[in-house]
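Results of the structural survey
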Amino acid sequence: MANKVLSPNQLHRNEEFGTCYHSWNEGRYRIALIYPNGYQQGMGNLGFQTVYHLINEREDCLCERFFLPELSSGQGVKSLLSVESDHPLRDFDLIALSISFENDYLHLPAIFAAGNIPMFARQRSDDDPLVLFGGVCAFINPEPFAEMADLIAVGEAEPILSLLLDGLRNDHQQASVQRNELLLALAQLPGVYVPRFYQPSYTEAGITYQCSEAVPKNIKRQYLHDLDSSASRTFIQSNAAEFGHMSLVEVSRGCTRGCRFCAAGFVYLPPRERSLDNLLQQSDEGLCQRNRIGLVAAAIADYSQVVPLQKGIIARGGDISVSSLRLDAIDAEAVALLTQAGHNSVAIAPEAGSQRMRDIINKGLSEEQILSAVHMLADGGIRHLKLYFLIGLPFEEMADIEAIVALVQKVSAIRQAGGKARGHIGNLTVSVNPFIPKPFTPFQWAGMEGEKLLKKKGRLLQSACSRIPNTRYLMESVRLSILQAFLSRGDRRISVMLPELAKGANLRQICSTAGFPLIDELTRERRQDESFAWEIIDSGVQRGYLWREYQRAAQQHLTPPCVPGCCRCGVCN
Ligand code: SF4
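Residues numbered from 1 in each chain as written. Predicted model: local features only at pLDDT ≥ 70, side-chain atom pairs only at ≥ 80, totals over all residues. Heavy atoms only, no water.

This paragraph deals with the overall build of the protein. When helices and strands are tallied, the protein shows 20 helices and 21 strands. Relative to the 2.2 N^0.38 estimate, which gives 25 Å for 573 residues, the radius of gyration of the protein is 24 Å and therefore close to what a compact globule would have. Principal axes of the C-alpha set define a box for the protein whose edges measure 75 × 60 × 55 Å. Partitioning the intrachain contacts of the protein with sequence separation of at least 6 by distance along the chain shows that 74% fall at a separation of at least 24. Summing over all exposed atoms, the protein offers an accessible surface of approximately 23,100 Å²; the carbon and sulfur share of this is 53%. One finds the centroid of the 57 positive side-chain charges in the protein at a distance of 6 Å from the centroid of its 62 negative side-chain charges. (Helix = DSSP H or I, 4+ residues; strand = E, 2+ residues; numbered from the N terminus. Rg over C-alpha atoms; globule rule 2.2 N^0.38 Å. Contact = heavy atoms within 4.5 Å. Areas by Shrake-Rupley, 256 points an atom, 1.4 Å probe, with all protein chains shown as cover. Lys, Arg positive; Asp, Glu negative; His and termini not counted. Charge placed at Lys NZ, Arg CZ, Asp CG, Glu CD.)

So, about the sheet that holds strand 16 (residues 319-322). Through backbone hydrogen bonds, the strands of a sheet pair up, either in parallel or in antiparallel fashion. Reading across from one edge, 12-15-16 is the order of the three strands in this open sheet, with parallel pairing throughout. Of all strands in the sheet, those bounded by a partner on one side alone are strand 12 (247-250) and strand 16. Mean inter-strand twist for the sheet, computed between neighbouring axes without regard to direction, equals 30°. As judged from the four bridges shared by strand 12 and strand 15 (residues 292-296), these two strands associate in the parallel manner. Residue pairing across strands places Ser247 opposite Ile293, the latter belonging to strand 15. (Pairing = 2+ DSSP bridges. Axes fitted to C-alpha atoms, helices over the stretch in contact; angles between N-to-C directions.)

The subject of this paragraph is the domain arrangement of the protein. Domain assignment breaks the protein into domain 1 (8-220) and domain 2 (223-324 + 331-340). Taken together, the contact pairs 26 residues of domain 1 with 26 residues of domain 2. For the domain 1 face of the interface with domain 2, the top three residues by lost area are Glu16, Leu46 and Glu156, together amounting to 31%. One salt bridge in this structure joins Arg253 and Glu158, with 2.7 Å as the shortest N-O distance. Summed over the shared surface of domain 1 and domain 2, the result is nine residue pairs in polar contact (both at pLDDT 80 or more). Secondary structure elements with two or more residues in the side of domain 1 that touches domain 2: strand 1 (16-17), helix 2 (39-43), helix 3 (46-56) and helix 6 (157-174). Residue composition of the side of domain 1 that touches domain 2, grouped by class: twelve nonpolar, nine polar and five charged. (Domains from an automatic or database assignment. Buried area = accessible area lost by both parts, 1.4 Å probe. Salt bridge = Lys/Arg side-chain N within 4 Å of Asp/Glu carboxyl O. Polar contact = N/O pair within 3.5 Å; in protein donor to acceptor, adjacent residues only side chain to side chain. Nonpolar A, V, L, I, M, F, W, Y, C, P; charged D, E, K, R; others polar.)

It is worth spelling out the packing of helix 10 (residues 306-315) against helix 11 (residues 332-340) at this point. Here helix 10 crosses helix 11 at 25°, and the two axes come no closer than 11 Å. Comparing their axes, helix 11 and helix 10 come out roughly parallel. As for how helix 10 packs across helix 11, the hand of that crossing is left-handed. Along its contact with helix 10, which presents Val307, Gln310, Lys311 and Ile314, the element helix 11 presents Glu333, Leu337 and Gln340. By residue class, the composition of the contact of helix 10 with helix 11 is three nonpolar, two polar and two charged. (Parallel < 35°, antiparallel > 145°, perpendicular 65-115°, else oblique. Left-handed = near helix turned anticlockwise from the far one by under 90°.)

Before going further, it helps to spend a moment on the sheet that holds strand 17 (residues 345-351). With respect to topology, four strands assemble into an open sheet ordered 17-18-19-20, the strand pairing being parallel. The sheet is open, and its two edges are formed by strand 17 and strand 20 (471-475), each paired on a single side. For this sheet, the mean inter-axis angle between neighbouring strands, taken without regard to orientation, is 20°. By the bridge criterion, five bridges tie strand 17 to strand 18 (residues 384-391) in an arrangement that is parallel.

Of all five residues that make up strand 5 (residues 130-134), five are buried, and the element is covered over most of its length. Burial along strand 5 is two-sided: Leu130, Leu132 and Gly134 facing one way and Val131 and Phe133 facing the other are all buried. One ladder, built from five bridges, connects strand 4 (residues 94-98) with strand 5; its direction is parallel. The residue of strand 5 that forms the bridge with Ile95 is Val131. What joins strand 4 to strand 5 is helix 4 (residues 108-114), and the crossover it makes is right-handed. Pairing of strand 5 with strand 6 (residues 151-153), which is carried by two bridges, proceeds in the parallel orientation. Paired with Phe133 across the two strands is Ile152, which belongs to strand 6. (Buried < 20%, exposed > 50% of the residue type's maximum accessible area, 1.4 Å probe, protein only. Right-handed = clockwise from strand over helix to strand, strands pointing away.)

On to the site of the ligand, then. In the vicinity of the ligand, the contacting residues are Leu269, Pro270, Cys562, Val563, Pro564, Gly565, Cys566, Cys567, Arg568, Cys569 and Cys572. Broken down by class, the residue content of the shell around the ligand amounts to nine nonpolar, one polar and one charged. (Near = heavy atom within 4 Å.)

Our next topic: the pattern of salt bridges. Oppositely charged side chains can pair when the atoms bearing their charge come close. If you walk through the whole model with that rule in mind, you get 46 salt bridges. Glu500 serves as the salt-bridge partner of Lys503, at 2.9 Å between the closest nitrogen and oxygen. Look at Lys503 and you get exposed, because its relative accessible area is 67%. Linking Arg543 and Glu535 is a salt bridge whose minimum nitrogen-to-oxygen distance equals 2.6 Å. Here Arg543 falls in the partly exposed class, since its relative accessible area comes to 29%. One connected set of salt bridges, linked through shared partners, spans Asp491, Arg493, Asp520, Glu521, Arg524, Arg526, Arg527, Asp529 and Glu530.

A word on the pairing of strand 8 (residues 198-203). Bridging between strand 8 and strand 9 (residues 206-211) involves six bridges; their strand directions are antiparallel. Along strand 9, the bridge assignment pairs Tyr198 with Cys211. Adjacent in sequence and paired antiparallel, strand 8 and strand 9 are bridged by two residues.

Leu97, Phe133 and Phe486 are the most contacted members of the largest nonpolar core, which totals 176 residues. Considering every element that reaches this core, the biggest residue donor is helix 14 (residues 398-422), with seven residues. Counting the residues that make up this core, at least three belong to each of domain 1 (8-220) and domain 2 (223-324 + 331-340). Ignoring anything within four residues of it in the chain, the contact list for Leu97 reads Ile34, Leu108, Ile111, Phe112, Val131, Leu132, Phe133 and Gly134. (Core = buried A, V, L, I, M, F, W, Y, C linked by side-chain atoms within 4.5 Å.)

Here it is in structure tokens:
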């Protein structure tokens, strides 16, 4: 008998709360927090858990969660009810969407329809709840959903939410201010973007915005300066959640490395970390509910106290999982701690096979470092290894693709030799993703590689890996990567296409019907002075710095990791 699909409300009954939260109460300002995907993904998302906790910590607010129900194909979302008390979306004063992945934009039309909320902000009246968008997508490029938003939180939740909720709460008590007047007042708050006050225009020069003097010209990205001032961990444990067998704890934000393709590496600058005491205290809370702590960070091994932290958790009788592992930080002690904590598989990301390509993307890794890490992991008893690669990168040549095959062969040879000696070889997985030029990275000016060539490179790698023993080959679909590029680089013109796309319509056809130059938009390299839709946001990283980094990529010049306190990219000025 297939596993019965439990509704979020039934799942709610199996949840364990580290903290006691409010129950439904008319007097409080009511916020519906939506994760535009399923319960499993949403509850495994630290950002979502943290926002829920931050709102419910307030005496004057109440936050309840919404997830998309698990649907069989072709089945529509009929209704959406809150997990905590089965209330529909329209019973809330504010609808807050937490968006972490571009492909979740396709769920937005169904959410608005099921909630009986007009999809576009211009269609809403004063009787409709306000709609707020947040999450990392909101400060990478909010324009694809800007037409649906009354408000957008540009940056991390902690420094934005309290002032925003104060403003909304005060209005709620007064109940007199017109929607437009309220939104104009909120548009003055740091990190609060009210798209209705900004009109885009599309010209040869790119996308620019006209706005009145009454609102800031750009919206400055906000970030939490002192991570110790606000906890971020699994506040609600659920076995049905992704990573539900562990308690997640956020160790740091941002990364010093500056890999030129990585949006998270630039939109979370400056790099910040929590103190060891703070993390051990949060781990103690987590160990009350799970005996495994999941340490979350862009580059966990870069955490200055990583070994004392791991030893501290193990001394408390806990096991550890790590979200990422940088190759050049792997040493025998780190591997021993991993195996001691029950790890038998690790993922590492060389990203490129040739030194030339690794320098172009500023990975800062040598082949020697990669192979010595593979040796250490194999000798340390880590059975299974996953290697991540990107293809279609700027300035890439076919020799760079052949270099991926050569590197995988060397890794496999090391594992084969060591495995035979130990009597078990384990699996080697090669995971390949088409490169997508992301906003606010040095590669934002680059074009995406054409579909034909991406597929040709993918086939070449697949056939080569099929001849390497114990090696599995995975490649992200080129069609889905093109869709993701369309959604992550899009402007407001694409929001009207989402309903048809959500029904599975063909992207090219939709774009040609709408007169949207898809191929040109995705594959054309941009001029230095061409302005982008996402530049309505001031990310803090100077445009000139990103451009210089793009030029340095072309010259295969490396840029060293950032040292807190320098001023080179502009964020810390
Ligand atoms: S100014 Fe320097 S330290 Fe600050 S984020 Fe930029 S590169 Fe890093």
